[in-house]
Amino acid sequence: MSIAVVAIAATAMLLASCESAPAPGTSSSPSGYVDSVTGGEGSVRVQGWASDWNTLNPIKVVFMVNGQWVKQVFTADTSRPDLDRKYSRGADFGFDETLSVPAGAVTVCAVALNVGRGEDTILGCLTAESGRSGTTVPTTSSTTTTTPATTTSTTSTSTTSSTVPRCGGVLAATDVIAALC
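### Focus on the pairing of strand β3 (residues 43-51)
For β3, the tally of buried residues reaches seven of nine residues, placing the bulk of the element in the interior. By the bridge criterion, eight bridges tie strand β2 (residues 31-39) to β3 in an arrangement that is antiparallel. Bridging across to β3, Ser 31 finds its partner in Ser 51. As paired elements, β3 and strand β8 (residues 92-100) share seven bridges and run antiparallel to each other.

### Structural notes on the packing of aromatic side chains
Applying the stated criterion across every chain, the model contains six aromatic pairs. An angle of 40° between the planes, with centres 5.8 Å apart, marks the rings of Trp 49 and Tyr 87 as tilted. Separated by 38 residues along the polypeptide, Trp 49 in strand β3 and Tyr 87 in helix α2 (residues 81-87) bring together distant segments of the chain. Judged by relative accessible area, Trp 49 falls into the buried class, the value being 2%. Owing to a relative accessible area of 26%, Tyr 87 belongs among the partly exposed residues under this scheme.

### Focus on the sheet that holds β2
The strand order β2-β3-β8-β7 describes an open sheet built from four strands, whose pairing is antiparallel. One side of each edge strand has no neighbouring strand; the edge strands of this open sheet are β2 and β7 (78-79).

### A short note on the state of the cysteines
In this structure the tally under the stated criterion is one disulfide. Between the sulfur atoms of Cys 109 and its disulfide partner Cys 125 the distance amounts to 1.9 Å. With the S-S dihedral at roughly 110°, the linkage between Cys 109 and Cys 125 falls on the right-handed side. Pair noted here: Cys 109 is in strand β9 (residues 104-112) and Cys 125 is in strand β10 (residues 121-130), with a separation of 16 residues, a long-range link. Looking at Cys 125, the relative accessible area reads 2%, which means it is buried.

Conventions adopted
Residues numbered from 1 in each chain as written. Predicted model: local features only at pLDDT ≥ 70, side-chain atom pairs only at ≥ 80, totals over all residues. Heavy atoms only, no water. Buried < 20%, exposed > 50% of the residue type's maximum accessible area, 1.4 Å probe, protein only. Helix = DSSP H or I, 4+ residues; strand = E, 2+ residues; numbered from the N terminus. Pairing = 2+ DSSP bridges. Phe/Tyr/Trp six-rings, centres within 6.5 Å; stacked < 30°, edge-to-face > 60°. Disulfide = S-S within 2.5 Å.

Laid out in structure tokens, this is it:
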């Protein structure tokens, strides 16, 4: 069995043991979602948002690719005026990151790191094909909404926050940070 298959199976088991993430503003744990994962030449572009209702400041986000942690912590601080209109908390909660990945199908999971009370939250996982531009495939069994992207012909897939898995205790901040080091 290949390492990639084992990594994907481990990620699937992790997600299967999770519970639904809190709806925005209803919990001390972060909320958000992965809008899209789009394949490129040796990379994927991951877009979405994350916010912790314990703070008005941007929070940290980490990514897992094919079951392996990306050894970098990102800040969800890209302007998202749509979030400010909807939640009246400011606009700087988006993320738009490009990650180097191997060629072929890759599964990318985004995790929002908790601030204060609460737990880290898995925002969702999507699969894209690296090496070919413009492919995005949802991998969760949750309800998804697909809409055409406004600037390209790629498809953007959103997973609603009420069906995104959240791992209670499994992804404690210390465990995530230890895995990244």
